[in-house]
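# Tertiary structure, described
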Amino acid sequence: IRGLMQAGHQALGLGDTRGALACFRKALMLSLHTPSPRLRRVCAFHLGAAYVEAGKPRKGLKFLLESQPSDGEQQRGLYFNIRAAHEGLRDFPEEYLSGAASQAGTSVEMGCCYLGMREPARAARCFLEAAQSYAVAQSPEAAAVALSRASSSMLQSRSFAAAEIAGILARCRSLCESIPDPTLQGKLYNDIGLGYSQLRIFSLAAESFERALALCPGALGRRGEAAVLQNLGAARNALRCFATALGSHRRAAALHGAMGNRRAQGQCFGNLAYAFSQLGNHEAAAENYLHALQAFRDSGDVQGQWKACEGLGAARFHLGDPWRAVGHYQEAL
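Quick notes on the rules
- Residues numbered from 1 in each chain as written.
- Predicted model: local features only at pLDDT ≥ 70, side-chain atom pairs only at ≥ 80, totals over all residues.
- Heavy atoms only, no water.
- Phe/Tyr/Trp six-rings, centres within 6.5 Å; stacked < 30°, edge-to-face > 60°.
- Helix = DSSP H or I, 4+ residues; strand = E, 2+ residues; numbered from the N terminus.
- Buried < 20%, exposed > 50% of the residue type's maximum accessible area, 1.4 Å probe, protein only.
- Core = buried A, V, L, I, M, F, W, Y, C linked by side-chain atoms within 4.5 Å.
- Domains from an automatic or database assignment.
- Contact = heavy atoms within 4.5 Å.
- Axes fitted to C-alpha atoms, helices over the stretch in contact; angles between N-to-C directions.
- Parallel < 35°, antiparallel > 145°, perpendicular 65-115°, else oblique.
- Left-handed = near helix turned anticlockwise from the far one by under 90°.
- Nonpolar A, V, L, I, M, F, W, Y, C, P; charged D, E, K, R; others polar.
- Salt bridge = Lys/Arg side-chain N within 4 Å of Asp/Glu carboxyl O.

Summed over all chains, the structure comprises two aromatic pairs. Aromatic side chains Tyr-51 and Phe-63 sit 5.8 Å apart centroid to centroid with 10° between the ring planes, which places their arrangement in the stacked category. Residue Tyr-51 is found in helix α3 (residues 37-53), and its partner Phe-63 is found in helix α4 (residues 57-66); the two are separated by 12 residues along the sequence. Both residues of the pair, Tyr-51 and Phe-63, count as buried.

This is the structure in structure tokens:
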């Protein structure tokens, strides 16, 4: 099996995908006669990866999924992120993955497999190829989704220049304006805003979140509206537009609370408290840091708890109560 695996990798290095597939297939067949489940998973992973390299992502995904340990088995070594792959595919309706734009659909599936294999740079290139093919096939909705997935993969990989990523986001944003489906449009504007936030271009992030918000709640539902409001409030905080951010934080906290999402509600209370602190209203800041602390305790978020305690310490100090501030800082530590 070891010899076949080495031969398979050498064949891949030479661009001989057929030879590689033959080696990995034989290695997997041999592994079925061994008592080692882990060896079978390793062989399945490499065969799946070879199918992706050969441009057959659907076959590859089958073996990549087989490479995952069953319930109760310890995960070691190779890891395929099933969630990342399925979330990527879910963004593309089935009609985008077949029909006239089938070549683009294959690129999308390959990109999602690469995401699962923790190779975001290669995933990004696949999504960019898909976007180009969708544009040729005159499918602007699919092209916009592919550009959105490409930009998020580029941000994950950290191997692309900020200007290049910003250019992809700009192309995606220009396509969004002509998309008739408000649900897709709202989701894309939110994703574009998140991309600009990661690039620290907060003015364009806020503008994108505002466009997404204009499509709520009918298009994105309460959960989507809450997420967009939370993102918009955070972007306004970053722009130091604290007075205009207060309303977004309050509405997001109320929506998350109504849905029982205590961790997200705690984040909104923390953002609200920070905005109040920057406006000099330290009493309101302390009150909202307390709300945040309780929400983080309810959801078991330890990092959120120490951030809230730290904020409380600062608020109490500004209110002239250094001893209580010390207590909060000690709790944060």
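Before going further, it helps to spend a moment on the nonpolar core. Ranked by size, the top nonpolar core spans 82 residues in total, and within it Phe-92, Val-108, Phe-127, Tyr-134 and Leu-188 carry the most contacts. Here the element with the most residues in this core is helix α8 (residues 140-157); it accounts for nine residues. Counting the residues that make up this core, at least three belong to each of domain 1 (1-95) and domain 2 (97-177). When sequence neighbours within four positions are dropped, the list of residues in contact with Val-108 reads Phe-92, Leu-97, Phe-127, Ala-130 and Tyr-134. Ranked by size, the runner-up nonpolar core spans 14 residues in total, among them Ala-20, Leu-28, Cys-43 and Ala-44.

The next thing to look at is the packing of α4 against helix α6 (residues 102-116). Each pair of packed helices can be described by the angle between their axes along with the distance between the axes. The contact between α4 and α6 brings their axes to 9 Å, and the two run at 25°. By the criterion of interaxial angle, the relationship of α4 to α6 is roughly parallel. The way α4 lies across α6 gives a crossing that is left-handed. When α4 is examined against α6, the residues Pro-57, Arg-58, Leu-61 and Leu-64 are found in contact with a partner set consisting of Thr-106, Glu-109, Met-110 and Cys-113. Broken down by class, the residue content of the contact of α4 with α6 amounts to five nonpolar, one polar and two charged.

The next point concerns the pattern of salt bridges. Evaluated as defined, the whole model comprises 14 salt bridges. Its salt-bridge partner being Arg-122, residue Glu-119 comes within 3.1 Å of it at the nearest N-O pair. Under the relative-accessibility criterion, Glu-119 is labelled partly exposed at 27%. For Arg-122, a relative accessible area of 32% puts it in the partly exposed group. Residue Glu-207 is joined to Arg-173 by a salt bridge in which the shortest nitrogen-to-oxygen separation is 3.3 Å. Placement of Glu-207 in helix α11 (residues 202-214) and of Arg-173 in helix α9 (residues 162-176) is noted, with a sequence separation of 34 residues between them. It is possible to trace a salt-bridge network through shared partners that takes in Arg-173, Glu-177, Glu-207 and Arg-211.

With that out of the way, let us pick up unusual backbone geometry. With phi around 60°, Arg-118 is a residue other than glycine that occupies positive phi space. Topologically, Arg-118 is positioned in the loop between α6 and α7 (120-136). Even without glycine at this site, Arg-240 takes up a positive phi of about 65°. With respect to the helices and strands, Arg-240 occurs in the loop between α12 (221-238) and α13 (242-258).

In short, shape yes, function no, at least from these values alone.
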